[in-house]
Amino acid sequence: MRAEDRCPAQWIEVEAAALSHNLELFRERLSSGTDLLAVVKANAYGHGLAQIAPHAAAVADWLGVHSASEARQLRGLGIGGPVLVMGLVPPADLHDLDSDTHLLASSADALEWIGEYRTRTGVSLPVHLKADVGTKRQGVDASQIPALCRQAARLGVEIVGVATHFANIEDTIEHDFARLQLDRFCSLLPVVSSELGGLPPFIHASCSAATLLFRETDFTLARVGISMYGHWPSRETRLSWILEHDGGGLQLRPVLTWKAIVGQLQAVERDASVGYGRTWTANRQSQLAVIPVGYADGYSRALGNRSRVLIHGRSAPVVGRVCMNILMADVTDIPEVSIGDEVVLIGRQGDDQVSVEELAAFTDTINYEFLARLSPAIPRTVV
Ligand SMILES: *Cc1c(COP(=O)(O)O)cnc(C)c1O
């Protein structure tokens, strides 16, 4: 695709084939009794909900979102099938949800609200109880689960699942705490079973790292987020995988490429400073490409004087401060650059590649955050 053929100054391309490839890798790993849930919260990890969801739904059995409004957005996109809302749904947000929209409930209050929704609308939203087994985030202490089961029965709220979430699988290659959490979750299951007169159909605990490293966390539903977009949850997860699989690879393919065009060329004489705060000074006669992307788009200000972009398949260092909507790259060594040329901020161009992980490391964060902060205003296209 030639940059000149596109109207926008910047855009994101998502590769449908890479997404399907990654999802199929997980699908193949799961046993036949385990459903695959594709997590598309946070605008599909910054990839674009509208672009990702139809392709994800073609492979995965479920889609997972954070909020009720994201669930409504999916329906607005014409996507049917089960959706799991994993975050808080306050009473004011309980509207226009269908009975294939499942909620994760973490409190007695949440069950009350869901019961009221049923009374008000006649729609029974299936509920998965979220047990906390040591993450101390969302979820009720496992000891309160029996009380919630009884409350649900009184309210006529249908419990179809029980779930939990791990604290630190991604953060370490020592998985003692994850195993302890798994043990706690497993010992809760017979309790739930005796309360409900049998185990509910959907038992789930996993995320990408858990599904990659601990097959015993799959139960009947695996919740896969970051890795469906082609990224390892962390270096530690990758290292654990390599140790376990004797160096064997798992070929995740990054789905997202972030592109822009060169908006202007700026000649800079030797010893002249560049940009706000004058944080970079040319030590030779230089040529800069002015690129219409900045921190408002998700290109963190912390990347100034640190990162690089690709132009003509070569690295151009980002020089000076990253502005709200503009950044500058030193293209002195790429003399063929002209206005309108395609710039790659994240992804591959020619033989080189800038990874999200590289940018996340410069900004002292993780690939998840960098992706999730890509502005929803950037146009997205499926290739
Ligand atoms: C975001 C999320 C996931 C997915 O985690 P990844 O590490 O991106 O795979 C799974 N479960 C819950 C509850 C989540 O909030």
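Position numbers for residues start from 1 in each chain and track the written sequence from start to end. Restriction of local features to residues with pLDDT of at least 70 applies here, the model being predicted, together with a cutoff of 80 or more for giving and counting side-chain atom pairs; totals for whole chains, interfaces and linings are based on all residues. Water and hydrogen atoms play no part in the side-chain values, which are based on all heavy atoms of the structure.

**Observations regarding a nonpolar patch on the surface**
Okay, so step 1: Exposure above 30% relative accessible area and no salt bridge define the residues that can form patches, which grow by joining like charges within 9 Å and nonpolar side chains of Val, Leu, Ile, Met, Phe, Trp and Tyr within 5 Å. Here, Shrake-Rupley sampling with a 1.4 Å probe gives the accessible areas, and only protein chains in the shown set may cover a residue. Salt bridges are identified by distance alone: a Lys or Arg side-chain nitrogen within 4 Å of an Asp or Glu carboxyl oxygen. Nonpolar side chains collect at one region of the surface, where Ile173, Leu239 and Leu243 lie side by side and expose about 280 Å² of accessible area between them.
Okay, so step 2: Tracing the sequence through the fold places isoleucine 173 in the loop between β8 (159–163) and α7 (176–196).
Okay, so step 3: Judged by relative accessible area, which is 40%, isoleucine 173 ranks as partly exposed. Starting at the N terminus, helices and strands are each numbered in turn, a helix being any DSSP run of H or I of at least four residues and a strand any DSSP run of E of at least two. Note on classification: 1.4 Å probe, protein chains only; a residue is buried when its accessible area is under 20% of the maximum for its type, exposed when over 50%, partly exposed between these limits.

**Some words on the site of the ligand**
Okay, so step 1: Any residue with a non-hydrogen atom lying within 4 Å of a molecule or strand is treated as near it. Near the ligand there are 15 residues, and of these Lys41, Tyr45, Ser208, Ile226 and Tyr368 occur at the shortest range.
Okay, so step 2: N or O atoms within 3.5 Å of each other form a polar contact, as long as, within protein, one can give a hydrogen and the other can take it, and as long as residues adjacent in sequence are counted only when both atoms are side-chain atoms. At a separation of 2.8 Å, an oxygen atom of the ligand approaches a polar backbone atom of isoleucine 226.
Okay, so step 3: Burial of the ligand by the protein chains amounts to 93% of its free accessible area of 380 Å².
Okay, so step 4: Among the secondary structure elements, those contributing two or more residues to the shell around the ligand are α2 (41–45) and β10 (221–224).
Okay, so step 5: Of the residues that constitute the shell around the ligand, the class distribution is seven nonpolar, four polar and four charged. Residue polarity is assigned by list, with Asp, Glu, Lys and Arg as charged and Ala, Val, Leu, Ile, Met, Phe, Trp, Tyr, Cys and Pro as nonpolar; anything else, Gly included, falls into the polar class.

**Some thoughts on the side chain of threonine 164**
Okay, so step 1: In this fold, threonine 164 is placed in the loop between β8 and α7.
Okay, so step 2: For threonine 164, the side chain forms a polar contact with the main-chain oxygen of alanine 131, separated by 2.6 Å.
Okay, so step 3: Beyond its immediate sequence surroundings of up to four residues, threonine 164 is in contact with Lys130, Ala131, Asp132, Val133, Phe185, His204, Ala205 and Arg223. Whether two residues are in contact is decided by their heavy atoms: any pair within 4.5 Å suffices.

**Considering the nonpolar core**
Okay, so step 1: The criterion is simple. A nonpolar core is a set of buried Ala, Val, Leu, Ile, Met, Phe, Trp, Tyr and Cys residues joined through side-chain atoms within 4.5 Å. Core analysis: the largest hydrophobic core is formed by 117 residues, its most contacted members being Val40, Ile52, Met228, Trp258, Tyr299 and Val309.
Okay, so step 2: A domain-level breakdown of this core finds at least three residues from each of domain 1 (31–244) and domain 2 (256–382).
Okay, so step 3: Not counting the four nearest positions on each side in its chain, methionine 228 is found in contact with Leu19, Asn22, Leu23, Ala38, Val39, Val40, Ile52, Ala56 and Val255.
Okay, so step 4: Among the nonpolar cores identified, the runner-up in size contains nine residues, and Val268, Trp280, Val319 and Met328 belong to it. Throughout, the edges of the domains are those of an automatic or database domain assignment.

**What about the domain arrangement of the chain?**
Okay, so step 1: Taken domain by domain, the chain consists of domain 1 (31–244) and domain 2 (256–382).
Okay, so step 2: One C-alpha centre belongs to domain 1, the other to domain 2, and the line joining them spans 37 Å.
Okay, so step 3: In this assembly, 13 residues from domain 1 lie in contact with eleven residues from domain 2.
Okay, so step 4: The quantity reported as buried area is the accessible area (1.4 Å probe) lost by two parts once they are put together, taken as the sum for both. Between domain 1 and domain 2 the total buried area reaches about 1,100 Å² when both faces are included, carbon and sulfur atoms providing 58% of it.
Okay, so step 5: Across the domain 1-domain 2 interface, the total number found is zero salt bridges.
Okay, so step 6: Across the domain 1-domain 2 interface, the total number found is four residue pairs in polar contact (both at pLDDT 80 or more).
Okay, so step 7: Secondary-structure elements contributing two or more residues to the side of domain 1 that touches domain 2 are α2 and α3 (49–59).
Okay, so step 8: A total of three residues in the side of domain 1 that touches domain 2 trace back to one element, the largest contributor, which is α2.

**Looking at the packing of helix α6 (residues 145–155) against α7**
The relative placement of two packed helices is expressed as an angle between their axes plus a distance between the axes.
Okay, so step 1: In this analysis, axes come from line fits to C-alpha atoms, helices being fitted only over the stretch in contact, and the angle between any two N-to-C directions falls in the range 0 to 180 degrees. For the pair α6 and α7, interaxial distance at closest approach is 10 Å and the crossing angle is 25°. Classified by the angle their axes make, α6 and α7 are roughly parallel. When the axes of α6 and α7 are compared, the crossing they make is right-handed. Each of Ile145, Pro146, Cys149 and Arg150 in α6 lies in contact with α7, whose residues at this interface are Leu188, Val191, Val192, Glu195 and Leu196.
Okay, so step 2: Looking at side-chain class alone, the contact of α6 with α7 contains seven nonpolar, no polar and two charged residues. Here the word oblique covers every angle except those under 35 degrees (roughly parallel), over 145 (roughly antiparallel) and from 65 to 115 (roughly perpendicular). With the far helix as reference, a near helix turned anticlockwise by less than a right angle produces a left-handed crossing, and one turned clockwise produces a right-handed crossing.

**Quick word on unusual backbone geometry**
Okay, so step 1: Unusually for a residue other than glycine, arginine 278 sits at a positive phi of about 50°.
Okay, so step 2: Mapping arginine 278 onto the fold places it in the loop between β13 (273–274) and β14 (280–281).
Okay, so step 3: Note on arginine 278: relative accessible area 62%, which makes it exposed.
Okay, so step 4: The phi torsion at asparagine 305 lies on the positive side, around 65°, for a residue other than glycine.
Okay, so step 5: Among the structural elements, asparagine 305 can be located in the loop between β15 (286–291) and β16 (308–311).

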